[in-house]
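Listed below are the residues making up each chain.
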Amino acid sequence: MGALEIVLLPCLADNYCVLLHEPDSGETAAIDAPSAAAIKAALVERGWRLNHLFITHHHADHTGGVAELKAFYGTTVTGPEAEADRIPGLTRAVTAASDLEFAGHPIKVLETPGHTLGHVTYYFPNDGLVFTGDTLFSLGCGKIFEGEPEMMWDSLSKIAALPDETEIYCGHEYTLNNARFALTVEPENEVLKKRVAEVEAMRTAGKPTLPTTVALEQATNPFLRPKSRAIQARLGMLGAPEWEVFARLRQLKNKA
Ligand code: ZN
Ligand code: FE
């Protein structure tokens with residue numbers, strides 16, 4: 001069992017699909033399927049076939065390519081049990097209790113509802129990788145479309161509790177937009193300022209801002225930092241429960 005090759009593939013306007021390839025077995029997996037055409041092209045270029053799809057949630061910009069990829073490659077389609085009726089073509093419905101692996105690499109399913117009620121995050125403990133879909137973004141988090149703020153905070157906390165060095169891949173390239181909001185709520189954060197300068201340079205060069213890490217997000221992402229005294233003070237919420245500060249941040253970002 002070899003190390004995984006990782007391809008971060010921009011799809012549609014600002015989505016990402018991640019391809020994982022295990023060279024010894026030749027197996028390939030994809031996290032989310034925004035576009036069958038873009039994914040097929042990337043596979044053809046490398047001479048890979050798609051064996052497995054891991055879907056984070058039911059939104060069309062994450063599942064639009066499922067039917068075509070499954071028909072073409074006979075791909076297995078894994079996704080959240082709670083959204084089984086909303087993800088056509090699902091072959092394996094999973095929960096946090098599921099035993100999952102890809103080419104000998106164990107995968108832990110984290111239930112991370114809030115953006116959607118069944119949203120799951122795929123954590124590869126032996127590889128130090130996590131795929132957070134639309135729950136955690138770099139310097140931001142997903143909109144709470146189906147859940148409640150307290151639920152979303154709980155979901156984000158599960159990701160934040162992973163080892164510091166864990167590499168995070170998320171579903172969208174929203175980092176620069178998120179950075180502008182982050183600076184308005186914690187302008188005194190030096191690590192954030194440095195990260196924003198790096199993000200600006202990466203985007204100017206047309207490069208992705210991912211992966212990020214658990215440690216970097218804990219230090220810079222306002223949605224993981226409701227404990228920050230500076231943020232609490234700026235919102236007039238000193239000493240408020242973390243999930244309430246988080247909820248207020250999410251509300252402010254929606255209006256930004
Ligand atoms: Zn979504
Ligand atoms: Fe999305």
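Structure: see above.
Quick notes on the rules
Numbers given to residues run from 1 along each chain, matching the order in which its sequence is written. Starting at A for chains and at 1 for ligands, labels are handed out in the order in which the entities are written. Given that this is a predicted model, residues contribute local features only at a pLDDT of at least 70 and side-chain atom pairs are listed and counted only at 80 or more, while totals for whole chains, interfaces and linings are drawn from all residues. Side-chain descriptors were evaluated using all non-hydrogen atoms of the structure, hydrogens and water having been removed beforehand. Exposure is judged per residue with a 1.4 Å probe applied to protein chains only, and the accessible area is read against the type maximum: over 50% gives exposed, under 20% gives buried, and values in between give partly exposed. Helix and strand definitions follow DSSP, with helices as H or I runs of at least four residues and strands as E runs of at least two, each counted in order from the N terminus. A pair of strands is labelled paired if DSSP reports no fewer than 2 bridges between them. Each metal's donors are the N, O and S atoms within 2.8 Å of it, or within 3.2 Å when it is Na, K or Ca, and because water is not part of the set, sites may look incomplete. For four-coordinate sites, all angles between 85 and 135 degrees define a tetrahedron; for four- and six-coordinate sites, opposite donors beyond 155 degrees with the remaining angles between 65 and 115 define square planar and octahedral shapes respectively, and all other cases count as irregular. Note on geometry: axes are C-alpha line fits, over the in-contact stretch for helices, and angles between N-to-C directions span 0 to 180 degrees. Residue contacts follow a heavy-atom distance rule, with two residues in contact if any of their heavy atoms lie within 4.5 Å.

*Asks:* Any chance you could explain the pairing of strand β9 (residues 120-124) here in plain terms?
*Replies:* Regular strands have side chains that alternate between both faces of the sheet. Extensive coverage of β9 is indicated by the burial of 5 of its 5 residues. The two faces of β9 match: Val120, Tyr122 and Phe124 on one face and Thr121 and Tyr123 on the other face are all buried. The pairing of strand β8 (residues 105-111) with β9 spans 4 bridges and is classified as antiparallel. Bridge pairing in β9 places Val109 opposite Tyr122. When β9 meets strand β10 (residues 129-131), the two strands line up antiparallel, connected through 3 bridges. Bridged to Tyr122 within β10 is Phe131. The hairpin formed by β9 and β10 contains 4 residues between the paired strands, and Gly128 there has a positive phi angle of roughly 65°.

*Asks:* I'm lost on the coordination of the zinc ion (ligand 1) in this one. Help?
*Replies:* Taken together, His57 (NE2), His59 (ND1), His115 (NE2) and Asp134 (OD) make up the full set of protein donors to the zinc ion (ligand 1), lying 2.2 to 2.3 Å away. For the zinc ion (ligand 1), the 4 donor atoms in the first shell make angles of 87 to 174° at the metal, so the coordination geometry reads as irregular. For the zinc ion (ligand 1), all donor residues lie on one chain, and their spacing in sequence is H-x1-H-x55-H-x18-D. Between the zinc ion (ligand 1) and the iron ion (ligand 2), a separation of 3.1 Å is found, and both are coordinated by Asp134. Taken together, the positions of His115 in the loop between β8 and β9 and Asp134 in the loop between β10 and β11 (136-137) put the pair 19 residues apart, joining distant regions of the chain.

*Asks:* Teacher, can you tell me more about the sheet that holds strand β5 (residues 76-80) here?
*Replies:* Two orientations exist for strands paired in a sheet by backbone hydrogen bonds: parallel and antiparallel. Here 6 strands make up an open sheet; going across it, the order is β1-β2-β3-β4-β5-β6 and the pairing mixed. The open sheet has two edge strands, β1 (5-11) and β6 (92-94), and neither has a second partner. When strand polarity is set aside, the average angle formed by the axes of neighbouring strands in this sheet is 20°. Note: strand β3 (residues 27-31) against strand β4 (residues 52-54), 3 bridges, orientation parallel. Each bridged residue has a counterpart across the sheet, and for Ala30 the counterpart in β4 is Leu53. Across the sheet, helix α1 (residues 36-46) is in contact with β1, β2 (15-22) and β3; its angle to β1 comes to roughly 145°.

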